[in-house]
Amino acid sequence: LDEVSLVAVKNKGFEKPSPIQVLAIPRLLDGDANVIAKARTGTGKTAAFGLPLSQKIRENSYKIRALVLAPTRELALQVCKEIDSLHSGKYPRCTAVYGGQGYGEQLKALKRGVEIVVGTPGRVQDHLERGTLDISQIDYFILDEADEMLDMGFIEDIESIFAQANPNCRILLFSATMPQPILKIAAQFMGEYEIVEEEATPETPVLTEQKYVMVREKDKLEVVVRFIDISPDFYGLIFTQTKADADLLTKQLDERGYEVAALHGDISQVQREKILYRFRIKKTRILVATDVAARGIDIEGLTHVINYSLPFDRTTYIHRIGRTGRAGAKGVAITLVRPEERRKLELLKIGIKKGVKGSLSEVKIPSVEEVLDVKRHWLFADMKGSLDSTPLYLEEKENSDKDIFLRLADELCGEKEPQEVLASVLKTFYGKQLDASRYNHIAPIVSKTSGGSGKFSRDIENATGTLLDSNQIRIYVQLGRRDGFRAKEVALFFSDLLNIPQRQVDKISVSDSFSLVNLPKEAAIRALELSRKNSDVPHMHLDVKAKKPCESGRRGEGR
């Protein structure tokens, strides 16, 4: 890297390259080889291609020089933001194109001129079909999280996009695994290529318990406080999406008496080192951090990681929870999920199941009574332990000050019962900590259903009205393209939910906000019951329009 790039590296706080950066950066800066880079999630892959691109493109090119494909809109935005942070000049200009956002802003950005486009396959393909995106002259084609994109059913879009790209562009393909479809793409479009792979190290935080709770945005602080207080040894990281969130949460926890500090991009290097020093020696036991600021933190003994906001993707989630459960110690990862994020949660669960041992399971928010019971136990156990290890005051013959404390004890007791006086002393010192009014009420979240139990029973009884053949029912499920779901993922979702083969999930038609699927009658009824009773399962109902075998809609249709 040249001096300009090294300044950007220093500003980012990077001190040494990760293994995949060592392998990828020189190959992108020199030569013209196509590369497949096999690397674990959370290993600095964006900088591995972002730094070379920022160094190679430093002037107005009047054309798009690089296209980066990412599996989700969240990751596309994250990659674009990261590339922008890797240079200080005007160029390269980067923009993200993705589904779920109107075309207006994206068209304006493309018309103004950009050198790097980061996008999801579906939206990139839409722009190509509209003629608003031209990749016929790009120099770099980068596929990020390739195996995840294939699992999400993007294979046809990717092949179509490759076919419209400059055949002489350099191709860099990142993937955590190397399934056959990826090698097929390589053989079809990459010509000669080399495979680089970082030294294999375990990425799975197998000793981390993975939990989540459903919580409204306004109740998140209260939930965090309860999880901290019910864990006497709490020593952990709380991840927020933005610097503003980190500052606000830190202020709120500080006002409630916790030793807490914030860590984000606006914190100077000197202050950062002071904050981390206090955290390492446990003077500060709670660190609220953004993902970028948490890079490079390697502290043993963390008991908890709390995701204050639902992570954008599997990569971010795995990287976060890997901070705890290290060196043989057990750790707990708790993710706060808002009711409207249920569909994103299901997508994350699928990714976790593939990338991490263990699963993400729901737990209840601790009640005030449960928290106070735990606090009483450990406060008094600690006090009794101290008393048991200390000689009674009257036995300390050589203590010259004992008369002072004895006189004070006599004054406090007077004619009162010593037990009552001791109770008053305990209340004075521990009353605030054990006061139930310290905690705010959290209203329960009532799951939305498609109707009352009577209506549901009638729907089931009338299910023959939606039979598509002798044993199939067509149902509506609130999972669509905007949630990152395509036909393959919809099939996988029902397969996991109902424990049935994916082939039994038939006639999948995917729209922006919902999907329609055919299921065996018993499986469909079970799915509807799960949706009605379980708030974690997306809303489903019978497709009342399906009165005869569905001729439209084939597996995999929809983009």
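In the block above lies the structure referred to throughout.
So, a few notes on the structure that sits alongside this text.

About the criteria used
Residues numbered from 1 in each chain as written. Predicted model: local features only at pLDDT ≥ 70, side-chain atom pairs only at ≥ 80, totals over all residues. Heavy atoms only, no water. Phe/Tyr/Trp six-rings, centres within 6.5 Å; stacked < 30°, edge-to-face > 60°. Helix = DSSP H or I, 4+ residues; strand = E, 2+ residues; numbered from the N terminus. Pairing = 2+ DSSP bridges. Axes fitted to C-alpha atoms, helices over the stretch in contact; angles between N-to-C directions. Contact = heavy atoms within 4.5 Å. Core = buried A, V, L, I, M, F, W, Y, C linked by side-chain atoms within 4.5 Å. Buried < 20%, exposed > 50% of the residue type's maximum accessible area, 1.4 Å probe, protein only. Patch = residues over 30% accessible without salt bridge, like charges linked within 9 Å, V, L, I, M, F, W, Y side chains within 5 Å. Areas by Shrake-Rupley, 256 points an atom, 1.4 Å probe, with all protein chains shown as cover. Salt bridge = Lys/Arg side-chain N within 4 Å of Asp/Glu carboxyl O. Polar contact = N/O pair within 3.5 Å; in protein donor to acceptor, adjacent residues only side chain to side chain. 1 Å grid on protein atoms, 1.4 Å probe; cavity = no way out; pocket = protein on both sides within 12 Å on 5 of 7 lines; lining within 4 Å. Points joined across faces, edges and corners; volume = space filled by probe spheres on them. Nonpolar A, V, L, I, M, F, W, Y, C, P; charged D, E, K, R; others polar. Arc of directions from axis to C-beta. Parallel < 35°, antiparallel > 145°, perpendicular 65-115°, else oblique. Left-handed = near helix turned anticlockwise from the far one by under 90°.

Concerning the packing of aromatic side chains
So, point 1. In this structure the tally under the stated criterion is seven aromatic pairs.
So, point 2. With centroids separated by 4.8 Å and ring planes inclined at 15°, the aromatic side chains of phenylalanine 162 and phenylalanine 189 adopt a geometry described as stacked. Taken together, the residues phenylalanine 162 in helix α8 (residues 155–164) and phenylalanine 189 in helix α9 (residues 180–190) connect sequence positions 27 residues apart.
So, point 3. With centroids separated by 4.9 Å and ring planes inclined at 25°, the aromatic side chains of tyrosine 476 and phenylalanine 514 adopt a geometry described as stacked.

With respect to the sheet that holds strand β4 (residues 116–119)
So, point 1. If you walk across this open sheet you meet the seven strands as β3-β4-β2-β5-β6-β1-β7, and the pairing is parallel. If you trace the sheet from one side to the other, it starts and ends with β3 (94–97) and β7 (193–197), each paired once. Mean inter-strand twist for the sheet, computed between neighbouring axes without regard to direction, equals 15°.
So, point 2. One ladder, built from five bridges, connects strand β1 (residues 34–38) with β7; its direction is parallel. Following the sheet pairing, alanine 37 is matched in β7 by valine 196.

Notes on the sheet that holds strand β10 (residues 260–263)
So, point 1. Spatially, the seven strands line up as an open sheet ordered β10-β11-β9-β12-β13-β8-β14, and their pairing is parallel. Single-partner strands in this sheet number two, and they are β10 and β14 (361–362).
So, point 2. This element, helix α11 (residues 243–255), spans β9 (236–239), β10 and β11 (286–289) of the sheet and lies at about 175° to β10.

Brief notes about the nonpolar core
So, point 1. In this structure, Leu67, Leu69, Phe141, Leu143 and Ile158 are the most contacted members of the largest nonpolar core, which totals 30 residues.
So, point 2. Counting only elements with at least two residues in this core, the list comes to β2 (66–69), α6 (121–130), β5 (140–143), α7 (146–151), α8, β6 (170–175) and α9.
So, point 3. Ranked by residue count, the leading element in this core is α9, at four residues.
So, point 4. Not counting chain neighbours up to four residues away, the residues in contact with leucine 69 comprise Gly119, Pro121, Val124, Phe141, Ile142, Leu143, Asp144, Met149, Ile158 and Ile161.
So, point 5. Counting residues in each nonpolar core, the second largest holds 28 residues, with Ala39, Ile57, Val68 and Cys80 among its members.

Remarks on a nonpolar patch on the surface
So, point 1. Together, Ile404, Phe405, Leu408, Leu412, Leu422, Val425 and Phe429 make up a nonpolar patch on the protein surface, roughly 690 Å² of accessible area in all.
So, point 2. Elements supplying a minimum of two residues to the nonpolar patch: α16 (402–413) and α17 (418–430).
So, point 3. Here the nonpolar patch takes four residues from α16, the largest share from any one element.
So, point 4. Inspection of the secondary structure puts phenylalanine 405 in helix α16.

A word on the side chain of lysine 45
So, point 1. Here lysine 45 lies in helix α3 (residues 45–56).
So, point 2. Engagement of the side chain of lysine 45 in a polar contact is seen with the side chain of glutamate 145, the distance being 3.1 Å.

So, the pattern of salt bridges
So, point 1. By the definition in use, this model includes 25 salt bridges.
So, point 2. Among the ionic pairs, lysine 108 bridges to glutamate 105, the shortest N-O distance being 3.8 Å. Here the residue lysine 108 and the residue glutamate 105 both occupy positions in helix α5 (residues 103–112), the gap between them amounting to three residues, near one helical turn.
So, point 3. The exposure class assigned to lysine 108 is partly exposed, which follows from its relative accessible area of 48%.
So, point 4. You can call glutamate 105 partly exposed: its relative accessible area is 48%.
So, point 5. Among the ionic pairs, glutamate 209 bridges to lysine 211, the shortest N-O distance being 3.7 Å.
So, point 6. Judged by relative accessible area, lysine 211 falls into the partly exposed class, the value being 22%.
So, point 7. Within this structure, Glu217, Lys220, Arg338, Glu340 and Glu341 form a network of salt bridges that share partners.

Focus on the environment of glutamate 148
So, point 1. Note that glutamate 148 resides in helix α7.
So, point 2. C-alpha of glutamate 148 to C-alpha of threonine 72: the two residues are 76 residues apart in sequence and 9.6 Å apart in space.

Topic: empty space enclosed by the protein
So, point 1. Tallying each qualifying case throughout the model produces two cavities of 30 Å³ or more.
So, point 2. Of the pockets and cavities examined, the second largest cavity occupies roughly 30 Å³.
So, point 3. Forming the walls of the second largest cavity are Leu28, Ala33, Val35, Tyr140, Arg170, Ile171 and Leu172.
So, point 4. With three residues, β6 is the single largest residue contributor to the lining of the second largest cavity.
So, point 5. Among the residues making up the lining of the second largest cavity, the classes are represented as six nonpolar, no polar and one charged.

Some words on α5
So, point 1. For α5, the full list of buried residues reads Gln106, Ala109 and Leu110. End-on view of α5: buried residues confined to an arc of 95°, all on one side of the axis. For α5, the exposed residues set more than 90 degrees away from the buried face come down to Lys111 and Arg112.
So, point 2. The inward-facing, buried residues of α5 abut β3, β4 and α6.
So, point 3. In the stretch just after α5, glycine 113 is the one whose phi turns positive, near 110°.

Things to note about unusual backbone geometry
So, point 1. Here tyrosine 91 and proline 92 are connected by a cis peptide whose omega angle stands at 5°.
So, point 2. Within the element layout of this structure, proline 92 appears in the loop between α4 (73–84) and β3.
So, point 3. If you check the backbone angles, glutamate 145 has positive phi at about 55° while not being a glycine.
So, point 4. As for its position among the elements, glutamate 145 is in the loop between β5 and α7.

Quick notes on the packing of α8 against α9
So, point 1. Close contact between α8 and α9 brings their axes to 11 Å; oriented N to C, the two are set at 15°. Relative to α9, the element α8 lies roughly parallel. The interaxial crossing formed by α8 with α9 has right-handed handedness. Across from Ile155, Ile158, Glu159, Phe162 and Ala163 in α8, the residues of α9 making contact are Lys184, Ile185, Gln188 and Phe189.
So, point 2. A per-class count over the contact of α8 with α9 returns six nonpolar, one polar and two charged.

Section: the environment of valine 477
So, point 1. If you trace the backbone, valine 477 turns up in strand β16 (residues 472–477).
So, point 2. Given a relative accessible area of 0%, valine 477 falls into the buried group.
So, point 3. Spatially, the C-alpha atoms of valine 477 and phenylalanine 514 are 5.7 Å apart, while their sequence positions differ by 37 residues.
So, point 4. If we skip the residues at most four places from it in the chain, valine 477 touches Phe494, Phe514, Ser515, Pro538, His539 and Met540.

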